[in-house]
Amino acid sequence: MNNFASLTRMRVQLAFRNRMFFFFVIAFPFAMFFLYAAVFAKGVPQTVGFYLGPVIAFNVMGSFWGLSATLVMFREQGILRRFHVAPVTSSDMLASSIVANYILTLPIVFLQLLFARVIFHVPSLGNPISLFILISVGIVSFGSLGLVVASVTSTMQETQVLNQLLWLPLIFLSGATFPLAYLPRLVQRFGLFLPATYLVNGLQQTILNSATPWSRYAEILSLACWAGLTFFLSAQLFRWEPEAAIPRRAKLLVAATAIPFLILGVVENRSDRILLEARSAFLSFTSPVSAPKSSGVDAPGRPPATGNPSKNDEK
Amino acid sequence: MPEPILQVNNLVKHYGDVQAVRDVSFSVDEGEVFGLLGPNGAGKTTTVEILEGLRNPDGGSVRVCGLDPRVNSRELKHEIGASLQATALPDKLRVMEALRLFAGFYKRRRDPEELLKRFGLEEKRNTYYGQLSGGQKQRLALAMALLNDPRVLFFDEPTAGLDPQVRREIYDIIEELRCDKKTILMTTHYIEEAERLCDRVAIVDHGKVIALGSPRELKERSGGKTRIEVKLARPVNNGALQGLEGVADAREVDGTYVLHTQRPPQAIVSLVKHLEADGNELVSLEIFTPSLEDVFIEMTGRRLRD
């Protein structure tokens, strides 16, 4: 416990001394936030509210980049070896990565929520408990994904390639950048197999409809299971030495982490719950009928209500 | 007689098809400075890393402080201190932070302040690791190895890549530790280092111990002969040199003729006479007092620094 705490402290300390950290964990998320809130949503409170969930999900998911890169760098430079010869366990190392990342990411998300409320006057942030649980489980689960990436790649180059391969579908096919309802039907169906989709939808429903944690049980449970699975796996596959080979079973085991979302994807594709929710959320700010609160205010940024979502894309 | 603090029996380790350690056995008593001397790739680092519990052996057995590193790795790490090869700390970690952080990992610990002073790093206490010089990094590595007041210290190539002056600083530190009766297992490919610092030395080549004893014993075993290295204008037959008066042994190593002799003047005179008679010419001649290099050449026919 003591080792874990002091390693966590070190990781937080190092992050604050790292310029890359400032860019990726502070500057970039806020740039994204203001881009969506001020430019795409044109500052319209309801529209900012719609984009808030996706923007937060985007930042929460970004965790895995930093975690995987740091761990692989530590291994490549022989830093992990130095810890290995001291009485430090792989769980100390991994858990401190996850917790440090949580400590560093949470305030940023909190500030974004605050800005949304104070600067952009978003009508409501929804159910705070549900919001907190989803954000927490999101930071931890995507952080663990980073640990898995670190365990199946050996060099920084490989890590960056794999991160890129994961990142692009996660942000483009889940509703994190383009609203899910706006994407082609086939892509929407594919999106239901991605963990990101559940994080985006869960946050969006929480903020727009004040969804209770109980009503978001599918999102929360699936992400929590996934977090547990990826963390467990990264502990199994942890390597201290730069030249240690990746075990053959690693790729098979990593494929197994997809299982919760394969199952959930099939279920949700049958029920269409998520897609309907995403669609109604999308319509809530594009159509005055389904968003009666905003109907009286003819805000300049609000797109014309034509009922055809594809014409209303603001990007 | 107490049980040796380090015990290595018929150790074997391979990486794929490469046999890094074929058959290594030795033991180290408490308070001894023991050296593994050998060229790069001889299996020294692998042996040490198995003792530290960083790697698992494929055969043989080891005991460190009465513990099996495979079984009691966690406990063992409280008992040992190590400076590794190919290791680093995060660039943006300060010297004192590193010492404090690692001190916190151990049950038994020494005062980081005291180590900072002892290793001459006081002025660097707030310097980032990434800004230290090679020598300072190595001094920090040695200081960190002592944080838990370990029963055994492992120094893997403690002076590799350092310039001669810094190397001497490190020697002084190790000599001090030797005076404190610390048990040290060190690896090196510098003969001078092994001769100066070690109570006993195992010469390792191709994963095997080829000679073991105190530096003096080993040198005596090779007959305490002076080594004469000559380069000639034309190649000659080894046999011809072997037969010269005063020459005990002659062999060719990488185009240089290496003669061993107990009577250097006699050997040189007869060599020169022989070359004159043969119409050959002496290009260069160097004389070396007996060292562990001779033991190595004698055993392997190669130089240590190949």
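Just so we're clear, the structure is a prediction, and the values are computed from it rather than from any experiment. (Residues numbered from 1 in each chain as written. Chains lettered and ligands numbered in written order. Predicted model: local features only at pLDDT ≥ 70, side-chain atom pairs only at ≥ 80, totals over all residues.)

Things to note about the overall build of chain A
Broken down by element type, chain A carries 15 helices and zero strands. Relative to the globule expectation of 20 Å for 315 residues, the C-alpha radius of gyration of chain A, 20 Å, shows essentially globular dimensions. For chain A, the spread of C-alpha atoms along the three principal axes comes to 65 × 40 × 35 Å. Out of the 315 residues in chain A, the part that is buried amounts to 48%. Taking the contacts inside chain A whose residues are at least 6 apart along the sequence as the reference set, 79% of them involve residues at least 24 apart. (Helix = DSSP H or I, 4+ residues; strand = E, 2+ residues; numbered from the N terminus. Rg over C-alpha atoms; globule rule 2.2 N^0.38 Å. Buried ≥ 20, exposed ≤ 12 C-beta atoms within 10 Å, placed from the backbone. Contact = placed C-beta atoms within 7 Å.)

Structural notes on unusual backbone geometry
All names here are of chain B. Despite not being glycine, A86 has its phi angle at roughly 50 degrees, a positive value. In this structure, D254 is a non-glycine residue whose phi angle is positive, near 50 degrees. Mapped onto the elements, D254 comes out in the loop between β11 (247-253) and β12 (256-261). According to the C-beta neighbour criterion, D254 is exposed, with 8 such atoms within 10 Å.

Things to note about the domain arrangement of chain B
Per the domain assignment, the segments of chain B are domain 1 (6-218) and domain 2 (225-289). In this structure, domain 1 of chain B and domain 2 of chain B have C-alpha centres spaced 40 Å apart. (Domains from an automatic or database assignment.)

A short note on the interface of chain A and chain B
Each partner contributes to the interface: chain A provides 17 residues, whereas chain B provides 19 residues. Looking at the side of chain A that touches chain B, the elements with two or more residues in it are α1 (2-16) and α5 (79-84) of chain A. Looking at the side of chain A that touches chain B element by element, the count peaks at five residues for α1 of chain A. Grouping the constituent residues of the side of chain A that touches chain B by class yields seven nonpolar, seven polar and three charged. (Nonpolar A, V, L, I, M, F, W, Y, C, P; charged D, E, K, R; others polar.)

Examining the sheet that holds β11 of chain B
Whenever strands of a sheet pair, they do so through backbone hydrogen bonds, lying parallel or antiparallel. Residues and elements named next belong to chain B. The strand order β11-β12-β10-β13 describes an open sheet built from four strands, whose pairing is antiparallel. The sheet is open, and its two edges are formed by β11 and β13 (282-288), each paired on a single side. Direction aside, neighbouring strands of the sheet carry axes that sit 20 degrees apart on average. As defined by bridge partners, strand β10 (residues 226-232) adjoins β13 across six bridges and the pair is classed as antiparallel. When the bridges of β13 are listed, E229 appears paired with E286. Along the sheet, helix α10 (residues 264-278) makes contact with β10, β11, β12 and β13, crossing β10 at roughly 20 degrees. (Pairing = 2+ DSSP bridges. Axes fitted to C-alpha atoms, helices over the stretch in contact; angles between N-to-C directions.)

A few points about the pairing of strand β3 (residues 33-37) of chain B
Residue and element names in this part refer to chain B. Counting buried residues in β3 gives five out of five residues, a clear majority hidden from the surface. Residues V33, G35 and L37 line one face of β3 and the alternating positions F34 and L36 line the opposite face, and both faces are buried. Where β3 meets strand β7 (residues 183-188), five bridges bridge the pair, whose relative direction is parallel. Across the sheet, L36 pairs through a bridge with T187, a residue of β7. Inspection of the sheet shows β3 paired to strand β8 (residues 200-205) by four bridges, in the parallel sense. Counterpart to L36 in the pairing with β8 is A202.

With respect to helix α3 (residues 95-103) of chain B
Given 3.6 residues per turn, any residue in an α-helix points the same way as the ones three and four places further on. Within α3 of chain B, the full set of buried residues consists of V95, E97, A98, L99, L101 and F102 of chain B. Next to the buried residues of α3 of chain B lie α1 of chain A together with α4 (112-118) and α5 (134-145) of chain B.

Some remarks on the nonpolar core
Taken as a class, soluble globular proteins show a tendency for nonpolar side chains to be buried jointly. Counting 164 residues, the largest nonpolar core has A57, M61 and L199 of chain A together with L185 of chain B as its most contacted members. Examining the composition of this core, we find that 13 residues originate from one element, helix α7 (residues 128-152) of chain A, more than from any other. Residue assignment places this core across two domains, with domain 1 (6-218) and domain 2 (225-289) of chain B each supplying three or more. Those residues in contact with L185 of chain B that lie beyond four places of it in its chain are L6, V28, F34, V48, L51, V152 and F154 of chain B. (Core = buried A, V, L, I, M, F, W, Y, C linked by C-beta atoms within 7 Å.)

As for the packing of helix α3 (residues 45-61) of chain A against α7 of chain A
Residue and element names in this part refer to chain A. Contact pair α3 / α7: the axes reach a minimum separation of 8 Å and the direction vectors enclose 35 degrees. Residues I56, A57, V60 and M61 of α3 touch α7, and the partners they reach there are I135, G138, I139 and F142. For the contact of α3 with α7, the per-class residue count stands at seven nonpolar, one polar and no charged.

Topic: the environment of L142 of chain B
Residue and element names in this part refer to chain B. With respect to the helices, strands and loops of the structure, L142 is situated in helix α5. Using a count of 22 C-beta atoms within 10 Å as the deciding quantity, one classes L142 as buried. L142 sits 61 residues away from G81 along the chain, and the two C-alpha atoms are 8.6 Å apart. What L142 contacts, discounting residues up to four positions off in sequence, is S83, F119, P158 and I173.

What to know about helix α10 (residues 195-209) of chain A
The terminal C-alpha atoms of α10 of chain A lie 21 Å apart, and with 15 residues this matches the ideal 21 Å at 1.5 Å per residue to within 8%. At the C-terminal side of α10 of chain A, S210 of chain A shows a positive phi close to 50 degrees. (Expected span 1.5 Å × (residues − 1).)

Considerations on the confidence of the model for chain B
Note: predicted coordinates in regions of low pLDDT should not be interpreted at a detailed level. The share of residues in chain B with pLDDT of 70 or more is 99%, and the mean pLDDT across the chain is 91. Overall fold confidence (pTM) sits at 0.85, and the ipTM for the predicted complex is 0.86. (pLDDT = per-residue confidence, 0-100.)

Some words on the environment of I50 of chain B
All names here are of chain B. Within the secondary structure, I50 sits in helix α1 (residues 44-51). Residue classification places I50 among the buried residues on the basis of 26 C-beta atoms within 10 Å. As for I50 and V21, which are separated by 29 residues in sequence, their C-alpha atoms are 10 Å apart. Ignoring any residue separated from it by four or fewer positions in sequence, one finds I50 in contact with L11, K13, R55, P57, V62 and P69.

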